[in-house]
Amino acid sequence: MLTKRIIPCLDVKDGRTVKGVNFVGLRDAGDPVELAARYTEEGADELVFLDITATVEKRKTLVELVRKIAQKINIPFTVGGGISSKEDVSALLNAGADKISINSSAVKNPDLINELALEFGSQCVVVAIDTRNVGGEHIVHVRGGRTPTALKTLEWAKEIAERDAGEILLTSMDHDGTKSGFADELIAEVSQMLTVPVIASGGAGNMDHFVDTFIKGKADAALAASIFHFKEIQLAELKTYLATKDIPVRITQ
Amino acid sequence: MSVVIVNYNAGNVQSVTDALNRLGVQPVISSDPEVIASSDKVIFPGVGEASTAMSFLKERKLDKVIQGLKQPVFGVCLGLQLMCRHSEENNTECLGVFDIQVRKFEPKLKVPQMGWNTLTNMNSPLFEGLPENPYVYFVHSYYAELSNKTVATTDYVNPFSAALQKDNFYALQAHPEKSGKVGEKILENFLKL
């Protein structure tokens, strides 16, 4: 049976892993390559690296870092942050990334999704949505979650899938960093509406939050950062727990 | 031992190279028929679309080269599908090493299948020393039907051929280069053939 995936996310800034609450107040959380290796060993199903400074400071994701990660780890990983062209994607995939994630650049130029899917295959095109509740409506935000757009989250998610993206990474900015659980209602709505996999992100604080997002949220995968970086939850322990709740997970020795 | 990765502009060559490097093997990456034919082991990887990949292979006469290989050949992901007779993906005539039809998954579940699933009914030297029903990483929308050349099955929407074997030809639908320690063991087993 296809398993639900647990995906540690490494927010990278200047070559170091960082974590903040609601994208501000960043704390150092270690060397990304070392952390990647540790998570792989502990049973992570995939990894995501987001260069969080890239969009704001116009800095390109570090191809060199991707190269180091690819040499070291033997599970799939996604790279995002500041990617806005076929050339960016080509450089990252050639360096060994399995998938790339785009966000603001897809909002700005939705055709980019189609172009990347056609050129590199849907399977490597992840579109990330940062969503926030504004006056009772789910609204897409860009630039690291700072700037609201005119897009409604559900409509944008549908368009992303129609444009042939391989996967959607849905981050609730209202939940991110709060450790109060994932935005399961919204995630379920998106996941059931679409035929592409949906990764739930933002709000993981304890193991039951993962149970909830897989059962209530119908998520295909769940992503979290700080609880893994600061060892509040161990990956192996989490997976064993999910298995006791009849959620299909990959258990490694 | 010389190992060649067939380079036909269909992705993931870097990942396969990195995985082999981790096993201490330095592969040659080539689309040169002579280099491929004279290598001890041939890895035929692939991510992408079937008809584009077949056109590229035919243009460079690599289709005939691959069909005629006598040394161990390992098709991975799209490589497995191209080694079959025909694919529903853009109605593509493939290499026909395995007399098997490649079909698209019915959209009863999310398509592509993306993630970790189990290998079952394993019956090949590729799987020597692996635990029972190990997990490997899949990303695919098309699958090879079951046949008497099936040496491992996986269930997604329906049971399909996760691995195929005939004479010197071996193939895996999953990505060994991305399947953690299990994948490493499969690659290692292939190199030992």
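Residues numbered from 1 in each chain as written. Chains lettered and ligands numbered in written order. Predicted model: local features only at pLDDT ≥ 70, side-chain atom pairs only at ≥ 80, totals over all residues. Heavy atoms only, no water.

Concerning unusual backbone geometry
And then number 1: A cis amide bond links valine 111 of chain B to the next residue, proline 112 of chain B, at an omega of 5 degrees.
And then number 2: Positive phi, close to 60 degrees, is recorded for lysine 179 of chain A, a residue that is not glycine.
And then number 3: Topologically, lysine 179 of chain A is positioned in the loop between β10 (167-172) and α8 (184-193).
And then number 4: Backbone geometry at asparagine 121 of chain B places phi at a positive 50 degrees, although glycine is not the residue there.
And then number 5: Relative to the assigned elements, asparagine 121 of chain B resides in the loop between β8 (113-118) and β9 (135-140).
And then number 6: A relative accessible area of 58% places asparagine 121 of chain B in the exposed class. (Helix = DSSP H or I, 4+ residues; strand = E, 2+ residues; numbered from the N terminus. Buried < 20%, exposed > 50% of the residue type's maximum accessible area, 1.4 Å probe, protein only.)

A look at the pairing of strand β12 (residues 221-224) of chain A
Residue and element names in this part refer to chain A.
And then number 1: Residues of β12 alternate between two faces, with Ala221 and Leu223 on one and Ala222 and Ala224 on the opposite face, all of them buried.
And then number 2: One ladder, built from four bridges, connects strand β1 (residues 5-13) with β12; its direction is parallel. Following the sheet pairing, arginine 5 is matched in β12 by alanine 221.
And then number 3: Taken together, the three bridges between strand β11 (residues 198-201) and β12 define a ladder with parallel strand orientation. Note that in β12 the partner of serine 201 across the bridge is leucine 223.
And then number 4: Regarding topology, helix α9 (residues 207-215) serves as the crossover connection from β11 to the parallel β12, and that connection is right-handed. (Pairing = 2+ DSSP bridges. Right-handed = clockwise from strand over helix to strand, strands pointing away.)

Topic: the packing of aromatic side chains
Residue and element names in this part refer to chain B.
And then number 1: Applying the stated rule across the entire model yields 13 aromatic pairs over all chains.
And then number 2: Between the aromatic rings of phenylalanine 105 and phenylalanine 160, the centroid separation amounts to 5.7 Å while the plane-to-plane angle is 75 degrees, which identifies the pairing as edge-to-face. Residue phenylalanine 105 is found in the loop between β7 (101-104) and β8, and its partner phenylalanine 160 is found in strand β12 (residues 158-166); the two are separated by 55 residues along the sequence.
And then number 3: Phenylalanine 160 gets classed as buried once you look at its relative accessible area, which sits at 0%. (Phe/Tyr/Trp six-rings, centres within 6.5 Å; stacked < 30°, edge-to-face > 60°.)

Some words on α8 of chain A
And then number 1: Among the residues of α8 of chain A, those classed as buried are Asp184, Leu186, Ile187, Ala188, Val190 and Ser191 of chain A.
And then number 2: For α8 of chain A, the elements touching its buried residues are β7 (125-134), β8 (137-142), α7 (153-162), β10, β11 and α9 of chain A. (Contact = heavy atoms within 4.5 Å.)

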